[in-house]
Amino acid sequence: MSVTTTTYLSRDYLPVREFRAGARNLQRLPEGVEEQPYTLFTLKPLGPIIGAEIEGVDLGQPVGPELKAELHRAFLEWKVLFFRNQTIDSTQQLAFAKLWGELEKHPFLPRGSAEEVTRFEKGADMTGNENVWHTDVTWRLEPALGSVLRLSEVPPHGGDTLWADMAAAYDNLPEDVKRRIDGLSAIHDFTPSFGRRMTPEILAAKQEEFPAAEHPVVRTHPETGRKTLFVNAAFTVRIVGLEPEESEQLLNYLFRQAQIPEYQVRFHWEANSVAFWDNRATQHYAVSDYFPHRRVAERISIAGDRPY
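- As recorded in an unreviewed UniProt entry, the chain goes by the name TauD/TfdA dioxygenase family protein, listed as coming from Paenibacillus aurantiacus.
- Quoted verbatim from the Sequence similarities (unreviewed entry) heading of the UniProt record, the comment on the chain is "Belongs to the TfdA dioxygenase family."

Here it is in structure tokens:
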């Protein structure tokens, strides 16, 4: 067996690649906000900037104003909160979600015990297909504020969900990219995802009912004031004002930012676990690695406002 070596006379062939190693700017709190203790529950961070478990709160019991205010502060600071050992039903889950505002009804996904409950029942007859980084319902003119997801059945292994902090994703973009995208807007459309399973007649009717929405590529969080990267691979179809090829190249670069592990938290579900996340600040990805085992979840989403 012989080994052939090649002597390069020039290094002009070296590619220029879009990656960067080293420390990243991981800022959890907005500028000027100081760390404060939590007094009504125990908070256990699962990472430096996103994701925390809440211990000492029973979601089956009424949540008073003081507890709600402290949970809301944690929600804004950690972007996704996790509660384990919550033996609650859909009615109690609805009551908790309603504390944060009016609830949405999803027009395309299976419903649970109420119109506001979306049921995800996976198993041998239905694989998980939420395994793409996305922010929920950005094809709406007013995308969801957040969601409360409860798992009643979990597979023996797998089925985790990941969330990415899109404020951190924006913070760490190169300055020239920030200048390029600030002020741009993008079109969001349900058609590439939910539309694929519709007949042409139903698709045309749904497209009329839910026209494509135009949102800023970089939105400002309405409560924290932080800038967040607001495009996602599931629903963002093009950037306004750019040629198709340039738009797709830029979008693919921006989509990849959610895949950087430093911006993520990964949650391993147990039965009766609940996640409550800020849809304005995050993307999420449901890992589909448990087929043919059952995984049953119910999600309730809170109506949001128009991104700016």
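## Quick notes on the pattern of salt bridges
At step 1: Taken as a whole, this structure holds 28 salt bridges when the rule is applied.
At step 2: Among the ionic pairs, glutamate 270 bridges to arginine 84, the shortest N-O distance being 3.5 Å. Of this pair, glutamate 270 sits in the loop between strand 12 (264–267) and strand 13 (273–278) while arginine 84 is found in the loop between strand 3 (80–83) and helix 2 (90–98), placing the two residues 186 residues apart along the sequence.
At step 3: Through salt bridges that share partners, Arg119, Glu121, Arg150, Glu153, Arg294 and Glu298 make up one connected network.

## Quick look at the nonpolar core
At step 1: Trp163, Ile181, Val217, Leu229 and Leu254 are the most contacted members of the largest nonpolar core, which has 52 residues in total.
At step 2: Of all the secondary-structure elements, those providing two or more residues to this core are strand 3, strand 5 (146–153), strand 6 (161–165), helix 3 (166–171), helix 4 (175–181), helix 6 (244–255), strand 12 and strand 13.
At step 3: Top contributing element to this core by residue count: helix 6, with five residues.
At step 4: Setting aside chain neighbours within four positions, we find isoleucine 181 in contact with Leu173, Val217, Val218, Leu229, Leu250 and Leu254.
At step 5: By size, the runner-up hydrophobic cluster in this structure holds 30 residues, among which are Tyr38, Leu59, Phe75 and Val117.

## What to know about empty space enclosed by the protein
At step 1: Here the structure, examined in full by the defined rule, presents two cavities of 30 Å³ or more.
At step 2: The volume enclosed by the largest cavity comes to roughly 70 Å³.
At step 3: Together, Arg28, Pro30, Leu76, Lys79, Ala167, His221, Thr224, Arg226, Thr228, Asp278 and Ala281 line the largest cavity.
At step 4: Split by residue class, the lining of the largest cavity holds four nonpolar, three polar and four charged.
At step 5: Considering only enclosed or pocket space, the second largest cavity measures out at about 60 Å³ in volume.
At step 6: Among the residues forming the lining of the second largest cavity, the class breakdown is no nonpolar, three polar and five charged.

## Description of the sheet that holds strand 15 (residues 295–302)
At step 1: Strand order in the open sheet formed by seven strands is 1-2-3-13-5-15-4, and the pairing between neighbours is mixed. Strands at the two margins of the open sheet, each flanked by one partner only, are strand 1 (42–45) and strand 4 (117–122). Recorded for the sheet is a direction-independent mean angle of 20° between the axes of neighbouring strands.
At step 2: When strand 5 meets strand 15, the two strands line up antiparallel, connected through seven bridges. Considered in strand 15, the bridge of valine 148 is made with isoleucine 300.
At step 3: With respect to the sheet, helix 2 is in contact with strand 3, strand 4, strand 5, strand 13 and strand 15, its orientation differing from that of strand 15 by roughly 30°.

## What about the packing of aromatic side chains?
At step 1: On inspection of all chains with the given rule, the structure shows 19 aromatic pairs.
At step 2: Considering the side-chain rings of tyrosine 38 and phenylalanine 41, the 5.3 Å spacing of their centres and the 25° angle between planes classify their relative orientation as stacked.
At step 3: When the ring of phenylalanine 83 is compared with that of phenylalanine 96, the centres are 6.0 Å apart and the planes differ by 75°; the resulting orientation is edge-to-face. Here phenylalanine 83, found in strand 3, pairs with phenylalanine 96, found in helix 2; they are 13 residues apart in sequence, far enough to count as distant. Phenylalanine 96 matches phenylalanine 83 in its accessibility class, with the two residues each being buried.
At step 4: Connected via pairs of aromatic rings, a cluster forms that spans Phe108, Trp139, Phe190, Phe194, Phe210 and Phe235.
At step 5: In this structure, lysine 68 is placed above the aromatic ring of tryptophan 100, and the distance from its NZ or CZ to the ring centre is 5.1 Å.

## What about the environment of glutamine 264?
At step 1: Following the sequence through the fold, glutamine 264 ends up in strand 12.
At step 2: Here glutamine 264 falls in the buried class, since its relative accessible area comes to 19%.
At step 3: Between the C-alpha atoms of glutamine 264 and proline 48, which are 216 residues apart in sequence, the distance is 9.6 Å.
At step 4: The contacts of glutamine 264, once residues within four sequence positions are left out, are Ile50, Trp133, Leu162, Trp163, Ala164, Ala258 and Gln259.
At step 5: Polar contacts involving the side chain of glutamine 264 include one to the main-chain carbonyl oxygen of alanine 258, which spans 2.9 Å.

What counts and how
- As a convention, each chain's residues are numbered from 1 in the sequence order in which they are written.
- Where totals are concerned, whole chains, interfaces and linings use all residues; where local detail is concerned, this predicted model gives features only for residues with pLDDT of at least 70, and gives and counts side-chain atom pairs only at 80 or more.
- Hydrogens and waters are ignored; side-chain quantities use all the structure's heavy atoms.
- UniProt positions are given in the numbering used here, feature names are shortened, and annotations may be inferred rather than shown by experiment.
- Criterion for a salt bridge: a side-chain nitrogen of Lys or Arg within 4 Å of a carboxyl oxygen of Asp or Glu.
- Runs of E in the DSSP output that reach at least two residues are strands. Runs of H or I that reach at least four are helices, and both are numbered from the N terminus.
- Side-chain atoms within 4.5 Å link the members of a nonpolar core, which is a set of buried Ala, Val, Leu, Ile, Met, Phe, Trp, Tyr and Cys residues.
- Partly exposed describes any residue whose relative accessible area lies between the buried limit of under 20% and the exposed limit of over 50%, with all areas from a 1.4 Å probe on protein chains only and scaled to the type maximum.
- The criterion used for residue contact is that any of the two residues' heavy atoms lie within 4.5 Å.
- With a 1 Å grid laid over protein atoms only, a set of points is called a cavity when a 1.4 Å probe fits there but cannot get out and a pocket when it is open yet has protein on both sides within 12 Å along at least five of seven lines; lining residues have an atom within 4 Å of a point.
- Grid points are joined across faces, edges and corners, and a volume is the space filled by probe spheres set on the points.
- For this classification, the nonpolar set comprises Ala, Val, Leu, Ile, Met, Phe, Trp, Tyr, Cys and Pro, the charged set comprises Asp, Glu, Lys and Arg, and every other residue, Gly included, is treated as polar.
- A strand pair is defined by DSSP finding two or more bridges across the two strands.
- Each axis is a line fitted through C-alpha atoms, and for a helix only the stretch in contact is used; angles between axes span 0 to 180 degrees, taken between their N-to-C directions.
- Whether two aromatic rings pair depends on their centres lying within 6.5 Å, for rings of Phe, Tyr and Trp, where Trp uses its six-membered ring; planes under 30 degrees apart make the pair stacked, over 60 edge-to-face, and the rest tilted.
- Lysine and arginine charges are scored as sitting over a ring when NZ or CZ, respectively, is within 6 Å of the ring centre and within 35 degrees of the ring normal.
- Residues adjacent in sequence count toward polar contacts only when both atoms are side-chain atoms; beyond that, a polar contact is any pair of N or O atoms within 3.5 Å, and within protein one must be able to donate a hydrogen and the other to accept it.

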